[in-house]
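Chains, contacts and geometry: an overview
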Amino acid sequence: MIRIGVIGYGYWGPNLVRNFVESQETQVVAVADMRQERLNLVQSRYPGIAVMTDYRDLLNHPSVDAVAISTPVSTHFPLAMEALQAGKHVLVEKPMTTSSEDAGRLIEEAERRGLVLMVDHTFVYTGAVRKIRELIDKGSIGDVYYYDSTRVNLGLFQHDVDVIWDLAVHDLSIMEYILPGAPIAVSATGIGHVDGATENIAYVTLFYGGSLIGHLNVNWLSPVKVRRTLIGGSKQMIVYDDIENSEKVKVYDKGVTVRNGGESLYKMLVSYRSGDMYAPQLDVTEALSREVCHFADCIRNHKTPITDGYSGLRVVSVLEAATRSMKDQGRAVQLKSYPMAAVAVA
C-alpha cells in the first residue's frame, strides 16, 4: 500500500483523507495542520492516524511515501518543492502554483528525482467529463465548434486569488482534458465590486486554431448557483449540467447544415437538423476515489498521471495570461506551447 501524508485539513483536506482511507491502494499515516482544533477532528474520526502541527514533521516521517497538499494556493509551491526534495511523491490541489515559472520548477524537480507529480483537477475524474471525452474521441459530435460554460454562485470571496483562479480553473482543466489541441490565445474582462478585493466577475475567451472557440462566464455575485456547459459539434451537441442529480450529460442530435446555393451570399441555404436527445449512462464512482487510486497506481507502476505536472502548468499559464488580459481590458494574450504527455483515459 502507498502510505500517504496529508498537509492541510481545512475545506478539501477531509475529503482527501476520507478517500485515501477508504481506498484499498493507500494508507493515511499522518495529517498536518497548523490548527489544533482541526487535528482534533482527525483524531476523533481516525484515531490511528498521527497528527502534527508542523508539516516538516510529516515530511520527515519515515513511513510516508507520498504527500497530498490541500492548503492555500500561495503555499502550494514551497510545500510541494519541500516534499519532492524530501523524496515524496506529490498530489497538489488546484491550481498547481501561482505562476508558470514555479510550476516548471516543480516539474523539473520531480523529473530529476523520478517522482510522481500530480495535480488535483478533480473534474477530470468524474464520470460525466470522462463520458464527454469518450464522445469527442470517437467522433460522435463531429468537429468541435465551441465550449461555452457558465460557472456562477454567490460567494465565497477569496482573498488571495481572483474569480478566474477560483472558478475558471475547473473549466480550464476540463477543456485541457476533452478538447483537441491547446488554446493559442486568451482574452478576459472582469471587474471587482468590493473595495480592496480581487475581481469577482469575469468573462474569458479562449482561441484555438481553426473554428474552435471557448468561452467561460465566472461570477461570485450570482443569486443562483449554475454549473452548465454547452459543447457544440458539427454532428451533435452536449449539455453538461453538474448540478443535476441524474442525467448530468445530455446529447442532442441537433445542428446546422450550410450549403452554397450560388454565387450570391443571399442564396446560401441553411438547413436545421433537430433529432433525438439521449442521456448516456455515467460511471457514478466518486471522482476523488478514482483520482486517489490513479495516484497510487502511477506511483506503483511508474506511470504518468492524466493530470500530471504539465497539465497543471498549462492551466496555470492560461490563468496567468487571462489575469494579464483582464488588467489590460481584454487585450488578447498569446499562450506558450507546452508538452502534452501521452496518457490514457482513467
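Figured I'd write up the structure that's included with this text. Throughout, a residue's number is its position along its own chain's written sequence, starting from 1. Owing to the predicted nature of the model, reporting of local features is limited to residues with pLDDT of at least 70; listing and counting of side-chain atom pairs is limited to 80 or more, with chain, interface and lining totals taken over all residues. Hydrogens are left out, water is left out, and the side-chain values use all remaining heavy atoms of the structure.

1. Some points on unusual backbone geometry
The condition is simple: Starting at the N terminus, helices and strands are each numbered in turn, a helix being any DSSP run of H or I of at least four residues and a strand any DSSP run of E of at least two.
That bond from Lys94 to Pro95 is cis: its omega, -20°, falls within 30 degrees of zero. Here Pro95 is to be found in the loop between strand E5 (89-93) and helix H5 (100-113). Phi at His302 is positive, roughly 55°, even though this residue is not glycine.

2. A word on the sheet that holds strand E6 (residues 117-120)
Spelled out, the test is: Pairing between two strands is assigned when DSSP locates at least 2 bridges connecting them. Axis angles are defined between N-to-C directions and span 0 to 180 degrees, where every axis is a line fitted to C-alpha atoms and, for a helix, only to the segment in contact.
Pairing is parallel across the open sheet formed by 6 strands, whose spatial order is E3-E2-E1-E4-E5-E6. Edge strands, defined here as strands with exactly one partner in the open sheet, are strand E3 (50-52) and E6. Across the sheet, the mean angle separating the axes of adjacent strands is 25° when strand polarity is ignored. Bridge count for strand E1 (residues 2-7) against strand E4 (residues 66-69) is 4 bridges, and the pairing is parallel. Counted as the bridge partner of Gly5 is Val67 from E4.

3. Quick look at a nonpolar patch on the surface
We count it as follows: A patch consists of residues exposed above 30% relative accessible area that lack any salt bridge, with like charges linked at up to 9 Å and nonpolar side chains (Val, Leu, Ile, Met, Phe, Trp, Tyr) linked at up to 5 Å. What sets the accessible areas is the Shrake-Rupley method with a 1.4 Å probe; for residues, cover comes only from the shown protein chains. The salt bridge criterion pairs a side-chain nitrogen of Lys or Arg with a carboxyl oxygen of Asp or Glu, the two atoms within 4 Å. The rule is simple: take the accessible area with a 1.4 Å probe, protein chains only, and divide by the maximum for that residue type; under 20% is buried, over 50% is exposed, in between is partly exposed.
A surface patch of nonpolar side chains, amounting to about 240 Å² of accessible area, comprises Ile184, Phe207 and Ile213. Summarising the element assignment, Phe207 is placed in strand E9 (residues 201-207). For Phe207, a relative accessible area of 34% corresponds to the partly exposed category.

4. Some details on the pattern of salt bridges
This model, assessed by the stated rule, comprises 20 salt bridges. A salt bridge links Glu176 to Arg314; the nearest nitrogen and oxygen atoms lie 2.4 Å apart. Of this pair, Glu176 sits in helix H7 (residues 163-178) while Arg314 is found in helix H9 (residues 309-327), placing the two residues 138 residues apart along the sequence. Each member of the pair Glu176 and Arg314 is classed as buried. In this structure, Glu199 engages Lys327 in a salt bridge whose closest nitrogen and oxygen atoms are separated by 2.7 Å.

5. Description of the packing of H7 against H9
The following threshold applies: Angle categories: roughly parallel below 35 degrees, roughly antiparallel above 145, roughly perpendicular from 65 to 115, and oblique for all the rest. In this scheme, a crossing is called left-handed if the near helix is turned counterclockwise away from the far one by less than a right angle; it is called right-handed if the turn is clockwise. The contact criterion used is simple: two residues touch if any of their non-hydrogen atoms lie within 4.5 Å.
Two numbers describe how H7 lies on H9: the axes approach to 10 Å, and their chain directions differ by 130°. Between H7 and H9, the interaxial angle falls into the category oblique. The element H7 and its partner H9 pack so that their crossing is right-handed. In this structure, H7 uses Ile164, Trp165, Val169, Leu172, Ser173 and Glu176 to contact H9, whose residues at the interface are Ser311, Arg314, Val315, Val316, Val318, Leu319, Glu320, Ala322, Thr323 and Met326.

6. Here's the deal with the nonpolar core
We apply this condition: What makes a nonpolar core is a set of buried Ala, Val, Leu, Ile, Met, Phe, Trp, Tyr and Cys residues whose side-chain atoms join them at distances within 4.5 Å.
Counting residues in hydrophobic clusters, the biggest one holds 105 residues, and the most contacted among them are Phe20, Val31, Met96, Ile164, Ile178, Leu206 and Phe295. The leading source of residues in this core is H7, at 11 residues. Not counting residues within four places of it along the chain, the set of residues in contact with Ile178 comprises Val129, Ile132, Arg133, Ile136, Tyr147 and Ile231.

7. Comments concerning the pairing of E9
Where burial is concerned, most of E9 is hidden: 5 out of the 7 residues are buried. Where strand E8 (residues 185-191) and E9 come together, 7 bridges link them in antiparallel fashion. Across the sheet, residue Ala185 finds its bridge partner in E9, namely Phe207. Two elements, E9 and strand E10 (residues 213-219), share 7 bridges in a ladder whose sense is antiparallel. Within E10, the residue paired with Ile201 across the bridge is Asn219. The loop that links E9 with its antiparallel partner E10 comprises 5 residues; one of these, Gly210, has a positive phi angle of about 80°.

8. A closer look at the state of the cysteines
Heads up, the rule is: Any two cysteine sulfur atoms within 2.5 Å of one another count as a disulfide.
Enumeration over the complete set of coordinates arrives at 0 disulfides. Free of any disulfide, Cys293 has its nearest neighbouring cysteine sulfur in Cys298, separated by 11 Å. Accessibility expressed as a relative area gives 0% for Cys298, which makes it buried.

9. Re the side chain of Lys131
With respect to the secondary-structure elements, Lys131 resides in helix H6 (residues 127-137). Residue Lys131 is classed as buried on the basis of its relative accessible area, which comes to 18%.

10. Digging into the packing of aromatic side chains
Worth spelling out the cut-off: Each pair of aromatic rings taken from Phe, Tyr and Trp, with Trp reduced to its six-membered ring, is defined by centres within 6.5 Å and is described as stacked if the planes are under 30 degrees apart, edge-to-face if over 60, and tilted in the remaining cases. Comment: the charge-over-ring label is applied if NZ (Lys) or CZ (Arg) is within 6 Å of the ring centre and within 35 degrees of the ring normal.
Taken as a whole and assessed by the stated rule, the structure comprises 2 aromatic pairs. We note Arg133 situated over the ring of Tyr177; from NZ or CZ to the ring centre the distance is 4.6 Å. Taking the ring centre of Phe123 as reference, the NZ or CZ of Arg151 above it sits at 5.0 Å.

11. As for the environment of Ile213
Along the chain, the position of Ile213 falls in strand E10. According to the relative accessible area criterion, Ile213 is partly exposed, its value standing at 36%. Setting aside chain neighbours within four positions, we find Ile213 in contact with Tyr145, Tyr146, Tyr147, Thr205, Leu206, Phe207 and Tyr208.

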